[in-house]
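# Structural features, examined
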Amino acid sequence: MKYRILSVVVCMTVCARLASADPTTQRIRKLAQESNAALAGGDYSRVVELTYPKVVEMIGGREKMIETLRRGTEGMKAQGSAILGAEATEPKDVVASGDKQFAIVSMTVRVRVPDGVLRSKGFLIAISADHGATWTFLDGAGLTKETLPQVLPDFPSQLSLPAPEPPELERK
């Protein structure tokens, strides 16, 4: 009898969680994971497709960005480092501003370094200009309240950039 009640409670909890899942935030997380996997796997073309177009333009276009990513990866390899992957979380809020929607996607990036594995917390800004039909991303590394308006002048004040956290090293 106790196990039957426990089973019912567990089932109700799981069902409630699934029913409350937001398909928009799930899609954003899935695409953020896809972007992270593409970067770790060297699929720079897909990374560019999922990058906010203004950033691609600022870097010098699609081919220039692909070459920049390739050189960056080669430079990391030459120093004995490599991106192992990143785990994105589902965003808490999707906020409309002007003709766009925005969300903050927290993530933890793992990088192999000569001394072990570096875990770094960061974030992506998800942007949709077509009411959530498609999403592109802007890496939050190095963004500040001062530099953000240069790239995203219509970024909503309701969202705040996560505070930077120092990386953690897991020694070999």
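Note that the structure is predicted; figures quoted are calculated from it, not measured. (Residues numbered from 1 in each chain as written. Predicted model: local features only at pLDDT ≥ 70, side-chain atom pairs only at ≥ 80, totals over all residues. Heavy atoms only, no water.)

## So, the pairing of strand 4 (residues 116–128)
Bridging between strand 3 (residues 100–113) and strand 4 involves 13 bridges; their strand directions are antiparallel. Bridge pairing links Arg 110 to Arg 119 in strand 4. Hairpin connection, strand 3 to strand 4: the antiparallel pair is bridged by 2 residues. In the sheet, strand 4 pairs with strand 6 (residues 168–171) via 4 bridges, with the strands oriented antiparallel. Within strand 6, the residue paired with Val 117 across the bridge is Glu 170. The pairing of strand 4 with strand 5 (residues 136–139) spans 4 bridges and is classified as antiparallel. What sits directly across from Leu 124, in strand 5, is Asp 139. (Pairing = 2+ DSSP bridges. Helix = DSSP H or I, 4+ residues; strand = E, 2+ residues; numbered from the N terminus.)

## So, the layout of surface pockets
Taken as a whole, the largest pocket spans an internal volume of roughly 1200 Å³. In terms of lining, the largest pocket is formed by 43 residues, of which the most central are Met 107, Phe 123, Asp 139, Gly 140 and Ala 141. Put simply, the parts of the chain that give the lining of the largest pocket at least two residues each are helix 2 (23–41), helix 4 (53–59), helix 5 (62–78), strand 1 (82–88), strand 3, strand 4 and strand 5. With 6 residues, the single largest contributor to the lining of the largest pocket is helix 5. Classifying every residue of the lining of the largest pocket by side-chain character gives 24 nonpolar, 15 polar and 4 charged. (1 Å grid on protein atoms, 1.4 Å probe; cavity = no way out; pocket = protein on both sides within 12 Å on 5 of 7 lines; lining within 4 Å. Points joined across faces, edges and corners; volume = space filled by probe spheres on them. Nonpolar A, V, L, I, M, F, W, Y, C, P; charged D, E, K, R; others polar.)

## Here's the deal with helix 2
An ideal rise of 1.5 Å per residue puts 27 Å on 19 residues; helix 2 measures up with 26 Å between its terminal C-alpha atoms. N-capping of helix 2 is provided by Asp 22, with a side-chain oxygen placed 2.9 Å from the backbone N of Thr 24. Looking one or two residues beyond helix 2, the residue adopting positive phi is Gly 42, at roughly 80°. (Expected span 1.5 Å × (residues − 1). Polar contact = N/O pair within 3.5 Å; in protein donor to acceptor, adjacent residues only side chain to side chain.)

## What about the nonpolar core?
With 15 residues, the main nonpolar core has Tyr 52, Phe 102, Ile 125, Ile 127, Leu 138, Leu 152 and Phe 155 as its most contacted residues. Breaking this core down by element, the ones donating at least two residues are strand 3, strand 4 and helix 6 (148–151). In terms of residues, this core owes the most to one element, strand 4, which gives 3 residues. Ignoring any residue separated from it by four or fewer positions in sequence, one finds Ile 127 in contact with Tyr 52, Lys 100, Gln 101, Phe 102, Thr 134, Trp 135, Thr 136, Leu 138 and Leu 152. Core analysis: the next-biggest nonpolar cluster, separate from the first, contains 12 residues, Ala 32, Val 105, Met 107 and Trp 135 among them. (Core = buried A, V, L, I, M, F, W, Y, C linked by side-chain atoms within 4.5 Å. Buried < 20%, exposed > 50% of the residue type's maximum accessible area, 1.4 Å probe, protein only. Contact = heavy atoms within 4.5 Å.)

## Notes on the pattern of salt bridges
Within the structure shown, the criterion is met by 9 salt bridges. Between Glu 63 and Arg 62 there is a salt bridge, and its shortest N-O distance comes to 4.0 Å. Taken together, the salt bridges that share partners define one network made up of Glu 34, Arg 46 and Glu 49. (Salt bridge = Lys/Arg side-chain N within 4 Å of Asp/Glu carboxyl O.)

## Let's talk about the side chain of Ser 97
As for its placement among the helices and strands, Ser 97 is situated in strand 2 (residues 95–97). The contact partners of Ser 97, leaving out residues within four places of it in the chain, are Phe 102, Asp 154, Phe 155 and Pro 156.

## Here we look at helix 5
In a regular helix each residue adds 1.5 Å, so 17 residues correspond to 24 Å; helix 5 covers 24 Å between its end C-alpha atoms and thus fits that length. Here helix 5 has its buried residues at Met 65, Ile 66, Leu 69 and Thr 73. For helix 5, the angular spread of the buried residues around the axis is 105°, confining them to a single face. Among the exposed residues of helix 5, those oriented more than 90 degrees off its buried face are Glu 63 and Ala 78. (Arc of directions from axis to C-beta.)

Taken by themselves, the reported measurements are silent on function.
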